[in-house]
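# Structural characterization, general
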Amino acid sequence: MRYADGGGLSAKGRARREMVRMQAVDLFEEQVPAGRVASVLRVSAKSAYQWQQTWRRAGRDGLRSKGPSGSRCRLDPVRLARLQAELDLGPAAHGWVEDQRWTLPRITVLVGRLFHVRYTERGVSYLLHRIGWTPQVPVHRAVERDERAVAVWREETWSRVR
């Protein structure tokens with residue numbers, strides 16, 4: 001199952017799960033058996049027994065959420081804003097003049113040049129999603145396409161057909 005922020009629960013989901021674990025701690029402190037805790041809180045018995053072990057070993061703090069999983073972004077918000085601004089300038093501003101398409105390999109190189117940080121192409125795609133960019137497939141148009149003739153056709157012929 002995939003989650004909203006790329007591999008873990010959202011902050012709201014983590015808080016909800018932590019609340020359930022804290023309810024379990026309250027029950028453990030009242031000497032309620034783990035099997036009964038599982039049925040009361042509607043969780044698996046395995047989870048209840050693991051929580052009970054952790055509670056005995058580390059107390060209530062052992063069952064608190066440890067935050068989002070996964071590695072942290074190596075670009076702080078200021079750098080992410082700068083990346084956004086540099087991408088808005090277009091590929092030609094950074095030496096790719098053959099076309100005006102940002103590709104993952106190009107953005108990977110750009111991130112390395114600007115911030116001296118190495119990312120994989122998959123990591124760059126996560127960065128792009130974080131700043132609101134999505135993959136786009138360019139529309140393929142014939143080289144011989146005459147935009148003026150197409151516009152005239154739409155105005156005259158298409159309006160008659162409709």
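Look a little higher up for the structure.
Rules used in this analysis
Residues numbered from 1 in each chain as written. Predicted model: local features only at pLDDT ≥ 70, side-chain atom pairs only at ≥ 80, totals over all residues. Heavy atoms only, no water. Helix = DSSP H or I, 4+ residues; strand = E, 2+ residues; numbered from the N terminus. Expected span 1.5 Å × (residues − 1). Buried < 20%, exposed > 50% of the residue type's maximum accessible area, 1.4 Å probe, protein only. Arc of directions from axis to C-beta. Contact = heavy atoms within 4.5 Å. Axes fitted to C-alpha atoms, helices over the stretch in contact; angles between N-to-C directions. Parallel < 35°, antiparallel > 145°, perpendicular 65-115°, else oblique. Left-handed = near helix turned anticlockwise from the far one by under 90°. Nonpolar A, V, L, I, M, F, W, Y, C, P; charged D, E, K, R; others polar. Phe/Tyr/Trp six-rings, centres within 6.5 Å; stacked < 30°, edge-to-face > 60°. Lys NZ or Arg CZ within 6 Å of the ring centre and 35° of its normal. Salt bridge = Lys/Arg side-chain N within 4 Å of Asp/Glu carboxyl O.

## Some thoughts on helix α3 (residues 45-58)
In an α-helix, one full turn covers 3.6 residues, which means residues spaced three or four apart are oriented alike. If you check α3, its first and last C-alpha atoms are 20 Å apart, about what 14 residues at 1.5 Å a residue would give, namely 20 Å. Among the residues of α3, A48, W51, Q52, T54 and W55 are the ones counted as buried. An end-on view of α3 places all buried positions within 165 degrees of arc, on one side of the element. Along α3, exposed side chains directed more than 90 degrees from the buried face belong to K46, Q53, R56 and R57. Here the buried face of α3 lies against α1 (11-29) and α2 (34-41). Downstream of α3 by one or two residues, G59 has phi in the positive range, about 75 degrees.

## Remarks on the packing of α1 against α3
Relative to each other, α1 and α3 sit at 70 degrees, their axes nearing to 10 Å. By the angle between their directions, the pair α1 and α3 is classed as roughly perpendicular. Considering only the axes of α1 and α3, their crossing is right-handed. Counting all contacts with α1, which are made through V20, R21, A24, V25, F28 and E29, the residues of α3 involved are A48, W51, Q52 and W55. Here the residues of the contact of α1 with α3 sort into 7 nonpolar, 1 polar and 2 charged.

## Some thoughts on the packing of aromatic side chains
Taken as a whole and judged by the stated rule, the model has 3 aromatic pairs. Over the aromatic face of Y119 sits the side chain of R74, whose NZ or CZ is 4.2 Å from the ring centroid. Here R122 stacks its cationic end above the ring of Y126, 4.4 Å away from the centre of that ring.

## Some details on the pattern of salt bridges
A pair can form between side chains of opposite charge whenever their charged atoms are brought close. This model, assessed by the stated rule, comprises 8 salt bridges. Between R60 and D26 there is a salt bridge; the shortest N-O distance is 2.6 Å. Residue R60 is located in the loop between α3 and α4 (77-89), and its partner D26 is located in helix α1; the two are separated by 34 residues in the primary sequence. What makes D26 partly exposed here is its relative accessible area of 34%. Salt-bridge contacts for D99 lead to R106; the nearest nitrogen and oxygen are separated by 2.8 Å. Three or more residues joined by partner-sharing salt bridges are found here, namely E18, D61 and R64.

## Details of the environment of R106
Mapped onto the elements of the fold, R106 is located in helix α5 (residues 104-115). For the pair formed by R106 and H94, sequence separation is 12 residues and the distance between their alpha carbons is 9.5 Å. Ignoring any residue separated from it by four or fewer positions in sequence, one finds R106 in contact with P91, W96, E98, D99 and R101.

Functional significance is not addressed by these values, which are geometric in nature.
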